[in-house]
Amino acid sequence: MSQEGKEDDESQAQELPVKFNFIPESITSPFIDIFPGQNEGMVRGEPGGFVFSREYGRRANEIYQFKPRKDDAWVCTFSKSGTTWTQELVWLIANGCDTEKAKQIPLQMRSPYLEGDYLISPEKMPQEIRECWALEALTKRPSPRVIKSHLPFNLLPPQLLETSKVVYVARNPKDVIVSNYHHFKLFKFHDFKGTLEDFANYSMDGQIYYSPYFPHVLDAWSKRHYPNVLFLFYEEMKQDLRAVVERVAAHLNQTVTEEQMVRVLEYLSFKNLASTEAAGKEKVKEMGIMNEDAGTFFRKGKTGDWKNHFSPELNERIDKWIQDNLAGSDLKFVMELDKQD
Ligand code: A3P
């Protein structure tokens, strides 16, 4: 690059607006007893209180300086909000509804996880996944890239919303807590040992990865009218997936024929995606990142499962947490659909 070009690049580089500090209590009792998989510790960012892995704290600026492209599609969510489902959908729309290719290549290879390489120390990450998710690999990846991230917008590259197409998905916080609880039990790098109530308390206190929940969602909600942002709810995907496929296609300037629509809807069904997971079980076992006796990633795929998990007392506290955090906002969640498959 010419000196001139280099200077241009540098003058455009913006400084990461958040400072990350190690949380000492994240590696001592009682926290580490119920999150034993997180023995590398966590960091908290200020301002904002964003909580994530220590590895991310060391390298957050690399992600902030990552260059989005005009023909990228990004899937951004708070974790357990229907990310995987939406990635599959966005990938299909960005790739001519090629359901055959989607069946052949695992999603994590087709749609890399931006900060996935920062969840744990690189040497603990399976090599195959590292090679695909490392930021350098992402930089070289041909277009169109479909990139997943759970980071809040203020930690993503500052040019993102004016450069790339972004699909943000939100899910009601009660189902997110329940789904995340199972997720934290499933993955060895969390290995959560506490109760659902413990997990809900840590979630409300903003002490689990990707917390705090409300600033994440409310910031995206405030940007829902940006031309490059499509804001979706998990519950609307459950209610009318066909309409959501059409909206995603319009957002990415693509058209979907009726024949493609039928195939896409079939591919995106919970049953189909869950069966793909079941088929790849041996491979996941080999990688050694999941606890084998802790269920599956495609768990229930329903709205309102929180009703099967929360005591009346816990539910009351969660209602209050939601009410306090949504005061003054016009964001409303559907906590359970009247009808669902
Ligand atoms: P549950 O744990 O409630 O079943 P993420 O991909 O963000 O981690 O979200 C995972 C959640 O999305 C899980 O919720 C999973 O079952 C659900 N999900 C994945 N695919 C789905 C589909 N095709 N239909 C409905 N829900 C789906």
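By the naming in an unreviewed UniProt entry, the chain is Sulfotransferase domain-containing protein, taken from Daphnia pulex. Check the Sequence similarities (unreviewed entry) section of the UniProt entry for the chain; it says "Belongs to the sulfotransferase 1 family."

Colleague: With reference to specific residues and values, describe the overall build of the chain.
Modeller: Tallying secondary structure elements over the chain gives 18 helices and seven strands in all. Over its C-alpha trace the chain gives a radius of gyration of 20 Å, about what one expects of a compact globule, namely 20 Å for 341 residues. Its C-alpha atoms put the chain at 55 × 50 × 50 Å along the principal axes. The buried share of the chain, taken over its 341 residues, is 53%. A sequence separation of at least 24 residues applies to 75% of the contacts in the chain between residues at least 6 apart.

Colleague: Now, about the packing of helix 15 (residues 258-268) against helix 16 (residues 270-279): what can you tell me, with residues and values included?
Modeller: One way to put it is that helix 15 packs onto helix 16 with a least axis distance of 4 Å and a crossing angle of 55°. As summarised for this structure, helix 15 and helix 16 are arranged oblique, according to the angle between their axes. Counted together, E266, Y267 and L268 of helix 15 and F270, N272 and L273 of helix 16 form the full contact between these two elements. Across the contact of helix 15 with helix 16, the residue classes tally to four nonpolar, one polar and one charged.

Colleague: Outline the sheet that holds strand 2 (residues 42-46), listing residues and values.
Modeller: Pairing is antiparallel across the open sheet formed by three strands, whose spatial order is 1-2-3. Every other strand in the sheet has two partners, leaving strand 1 (19-23) and strand 3 (51-53) as the edge strands with one partner each. On average, each strand axis in the sheet is tilted by 40° relative to the strand beside it, whichever way the strands run. Examined bridge by bridge, strand 2 and strand 3 share three bridges and lie antiparallel to one another. Paired with R44 across the two strands is V51, which belongs to strand 3. Across the sheet, helix 3 (residues 54-64) touches strand 1, strand 2 and strand 3, and the angle it forms with strand 3 is around 95°.

Colleague: Can you lay out the site of the ligand for me, pointing to particular residues and giving the numbers?
Modeller: Surveying the vicinity of the ligand reveals 19 residues, the closest of which are T83, T84, S179, K300 and G301. A distance of 2.9 Å is found between a nitrogen atom of the ligand and a backbone nitrogen or oxygen belonging to L268. A total of 560 Å² of accessible area belongs to the ligand in isolation, and the protein chains cover 97% of it. When the residues that make up the shell around the ligand are grouped by side-chain class, the tally is seven nonpolar, seven polar and five charged.

Colleague: I'd like to hear about the pairing of strand 4 (residues 73-77), residue by residue, with values.
Modeller: Looking down a regular strand, the side chains alternate between one sheet face and the other. Taken across its five residues, strand 4 has five buried, putting it largely inside the fold. Residues of strand 4 alternate between two faces, with A73, V75 and T77 on one and W74 and C76 on the opposite face, all of them buried. Note: strand 4 against strand 5 (residues 146-149), four bridges, orientation parallel. Residue pairing in the sheet places W74 in a bridge with I147 of strand 5. Pairing of strand 4 with strand 6 (residues 165-170), which is carried by five bridges, proceeds in the parallel orientation. For A73, the partnering residue across the bridge sits in strand 6 and is K165.

What counts, and at which threshold
- Residues numbered from 1 in each chain as written.
- Predicted model: local features only at pLDDT ≥ 70, side-chain atom pairs only at ≥ 80, totals over all residues.
- Heavy atoms only, no water.
- UniProt positions renumbered as here; feature names shortened; annotations may be inferred.
- Helix = DSSP H or I, 4+ residues; strand = E, 2+ residues; numbered from the N terminus.
- Rg over C-alpha atoms; globule rule 2.2 N^0.38 Å.
- Buried < 20%, exposed > 50% of the residue type's maximum accessible area, 1.4 Å probe, protein only.
- Contact = heavy atoms within 4.5 Å.
- Axes fitted to C-alpha atoms, helices over the stretch in contact; angles between N-to-C directions.
- Parallel < 35°, antiparallel > 145°, perpendicular 65-115°, else oblique.
- Nonpolar A, V, L, I, M, F, W, Y, C, P; charged D, E, K, R; others polar.
- Pairing = 2+ DSSP bridges.
- Near = heavy atom within 4 Å.
- Polar contact = N/O pair within 3.5 Å; in protein donor to acceptor, adjacent residues only side chain to side chain.
- Areas by Shrake-Rupley, 256 points an atom, 1.4 Å probe, with all protein chains shown as cover.

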